[in-house]
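Residue-level structural notes
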Amino acid sequence: MLCLRQACLFTLRHYQARTLSSDLLLSQINSCTHEDEVFNLVGRNKARLSEKHVGIALNMLWQLQKKRPLLLRTSDYIRNHSQFLTLCILAENKVEHMEDEAIVDTLYSILRLNVEDHSSLAEVLVTEAWKRLERLSLPALSKFALCLYKRHRHFSPVIGQVAHIVDMKLDSIQDIRILSVLMISISDVISQRFRDRLLHKAGQLLEEKDEVHFNYAKRILQFLQNVKLRYHPLLEKCNKIFLKSASHLDIHSISLILGLYEQLGFDNAEFRLVAKQLLSENIDVYCDPETFAKLFFILGPMAGPKVRERLLVTAVRIAEEFSSYQVLVILKTMQKMKCRNSHLLKKMASVLHKHLDSYHVIQLVKLTQYLVVLRCHDLELFAKLKMLLLGFLKSSVMPADTAAIIRVLAMLPSFQVEEVIINKAAAVLPQCKLHHLDCIATALVKWNHYDQLHWQNSSELCVKLLQKLNDCGFQRLQKANNLNLLLEELTHVNGEWFEEVLSEETVAMCQRLIDQITWANVLQLSFFLIKTNHRCPSLLDRIASVTVENIDKIHPFEIYFILFLFSALNYDPPANEEFFESCIQHLTSNLSCFGTHRLVLLGHVLAVAGYFPPVLMMRIFNVSFLSKLDAQLEVLPDILKQRVRLCLMKLNRAVCLECPEFHIPWFHEHYCQRVFCNNFECILDENKKPLSYVAQNTPLDDVEGIRLTHDIKDKGRKALPPGAQRIALEFLDSKAFSKDSHHLKGESALKKRHLEMLGYRVVQIPHFEWNSMVLSTKGEQLEYLRRHLYGIQ
């Protein structure tokens, strides 16, 4: 008994001593300030390292690296150290004894230290964590899911199991950091219903938290990009977080955010302006190739002349140091800037010669497009591109890749088409989506038109292929039974072939699927009808009724595009007043959703339709608003900038004419004189005889001394003799009418309305009458004009 007691006491003392020693070692590892200190401790205590020591040591190595700037990290040194290999072997042998969180932390640490994905330790850790998946805490689950995502296991069974757990526990997640990581990690294996639940939950958490780190908002954007969804409520909330955190954003974050905005089709002038102000102050700091490429991408499209010149000079100076990806970024940005700087373009072309073999097929397609648009003259470079593209084409099995290659080959200068291209196109046609068919058709038509098919019977073969292509397009449409899938496919179609061959058939198919129109797809359907310029009453009526019934479910920004459709096509649905009033009430209650330039576009759309909500008009025609607009216009793309200015001028004219009670001054007179002109004007007396001749191309606001002011209809006008009237004649081309219709579109109807308010009798000459066989001679045309101008039969 005494011997047993002594043995127990010895064991206890030994255990206590070992525990004390182990705790001391643990403390020493946690106190390390350099990687070599960790490795020295590991080397001296190999025999005494437990699974806890190993996990803490690996985590400490990552924490020490994490504190350093990216360029000063020494991951290669760590991975190649003999004691790191010792740690990995020990971790692999002790993995079954590790705690759940320790396994995940160890996996995360070795991946951040850039250990190869297929290393035996990584595989063992993933397998062990998978076994314990159900009992992992939410923080551990999110970290494990992120590790899987970083290891490109986007579609693995374990990710599917993670998604199932998230689905079950979604209501209990209250941390936006955890949720945002999980959302990105499982984005490739979720259903649409589950996606919508995640979006709703993310919106709730962002709303509830007063302070949200901008990194979490970035992850939300990445999730939206992964699921290819432009979801405005979340985009706006994320944008507010970025604006609030602007002082903490570095060039890498700004570049990532703007890149994601571009991919999602979202833009915010306020964020662009903040980014410009932050980066313009320290241009000279960003002189290494990586950060400069990001600076060029961000500032280039919105830079003033001086900053633009500095960017171009620096780009030329460091061009030789650019990586293959950075060259792609520079050329893409040059295309956006419409910058054809010959010196920089030559430099980029020179650098490209050594990088061409490193691009994958889609990058090569984009690269070729940029060079053609920028008018590069390096024929040797184009010859290499042609050879590489043809090589990819011959081995391609993906319809999307094949169509993209054929489209860009048609852009190459002096390209001689080989028969293998036509054969490849013919082979892939049955698998192609509509936009792929459109790409191939555009290339074929161009080659045939410019006589670039030189082998025997080439034209005949091309005609047969085009006929087969048409048949494939019709067959694909006829098989469509899901409106959502059809609209998703139509999003990318924008070529002439589709317009001429399939446009009407597509509208007819949408009519057959009319019962599938819901509040969730009215926006996409509106986009399609805007793009194709189709005035289809049944579809328009359905869009209007669905919109009114579900007005609270549709985001205000989407309402704008729906109203744009009806305004542009000059179409009044059956319950016209109810439709517009419901939409306007929803919009005016949510004006904060719109940026300054978007409010101008919204005001113009409503003005074309004849609506002038006072709250919107007073907000736009306000000195502080217009000052803010001027500042933000400087960072918008040139095309959008010109459109906003034009819409503001038109809106100013409309509100002065139609709502004089608002007392809004006319401040676009000179701009209007340059833009708005009639084809011909004259004054007729009471007997329909010309009184005087007013020169052609006279501005609307400068006829017979008229000056447009807030009381535009009364001031500055010379009195006419009794019975006389002013005549304004305007020739209307096909753009003034909806497709295959004689119905006047909104802009032309608005101009006619305003001229009539100014006292003109408006004579509009449609192109389909003027160019008809009935008016085939000059005499018949003169007689037609006399009849319409003077009422002479």
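What counts, and where the lines are drawn
- Residues numbered from 1 in each chain as written.
- Predicted model: local features only at pLDDT ≥ 70, side-chain atom pairs only at ≥ 80, totals over all residues.
- Heavy atoms only, no water.
- Salt bridge = Lys/Arg side-chain N within 4 Å of Asp/Glu carboxyl O.
- Helix = DSSP H or I, 4+ residues; strand = E, 2+ residues; numbered from the N terminus.
- Buried < 20%, exposed > 50% of the residue type's maximum accessible area, 1.4 Å probe, protein only.
- Axes fitted to C-alpha atoms, helices over the stretch in contact; angles between N-to-C directions.
- Parallel < 35°, antiparallel > 145°, perpendicular 65-115°, else oblique.
- Left-handed = near helix turned anticlockwise from the far one by under 90°.
- Contact = heavy atoms within 4.5 Å.
- Nonpolar A, V, L, I, M, F, W, Y, C, P; charged D, E, K, R; others polar.
- Phe/Tyr/Trp six-rings, centres within 6.5 Å; stacked < 30°, edge-to-face > 60°.
- Lys NZ or Arg CZ within 6 Å of the ring centre and 35° of its normal.
- pLDDT = per-residue confidence, 0-100.

Considering the pattern of salt bridges
Per the counting criterion, the structure on display carries 28 salt bridges. Here Lys 244 and Glu 211 are joined by a salt bridge, their closest N and O atoms 3.8 Å apart. Of this pair, Lys 244 sits in helix H13 (residues 232-244) while Glu 211 is found in the loop between helix H11 (192-208) and helix H12 (214-226), placing the two residues 33 residues apart along the sequence. Across the pair, Glu 211 and Lys 244 agree in class, each one exposed. It is possible to trace a salt-bridge network through shared partners that takes in Asp 100, Glu 128, Lys 131, Arg 132 and Arg 135.

Some words on the packing of helix H26 (residues 483-490) against helix H27 (residues 496-512)
Two numbers describe how H26 lies on H27: the axes approach to 12 Å, and their chain directions differ by 160°. Regarding the angle of H26 to H27, the classification is roughly antiparallel. Judged by the twist between their axes, the crossing of H26 over H27 is left-handed. Contacts between H26 and H27 involve Leu 483, Leu 486 and Leu 490 from the first element and Phe 498, Thr 506, Met 509 and Cys 510 from the second.

Some points on the packing of helix H28 (residues 522-532) against helix H30 (residues 556-569)
In the contact formed by H28 and H30, the axes pass within 9 Å of each other and the chain directions differ by 35°. Considering only the axes of H28 and H30, their crossing is left-handed. Contacts between H28 and H30 involve Val 522, Leu 523, Ser 526, Phe 527, Leu 529 and Ile 530 from the former and Glu 558, Phe 561, Ile 562, Phe 564 and Leu 565 from the latter. Partitioned by chemical class, the residues of the contact of H28 with H30 number nine nonpolar, one polar and one charged.

What about the packing of aromatic side chains?
If you walk through the whole model with that rule in mind, you get 20 aromatic pairs. Centroid distance Phe 292 to Phe 296: 6.0 Å. Interplanar angle 45°. Geometry classified as tilted. Of this pair, Phe 292 and Phe 296 both sit in helix H16 (residues 289-299), four residues apart, which is roughly one turn of the helix. In this pair, the class of Phe 292 matches that of Phe 296, namely buried. It is Lys 143 that lies over the ring of Tyr 108; its NZ or CZ is 5.0 Å from the centre.

Quick look at the side chain of Ser 738
Tracing the sequence through the fold places Ser 738 in the loop between strand E3 (725-732) and helix H37 (746-757). Classification of Ser 738 by relative accessible area gives buried; the value is 2%.

A short note on the confidence of the model for the protein chain
The share of residues in the protein chain with pLDDT of 70 or more is 90%, and the mean pLDDT across the chain is 87. Under a pLDDT of 50 for its full length, residues 1-22 has, in the predicted model, two contacts with residues more than four places off or in other chains. Scored below 50 in pLDDT, residues 693-716 makes 63 contacts in the model with residues more than four places away or belonging to other chains.

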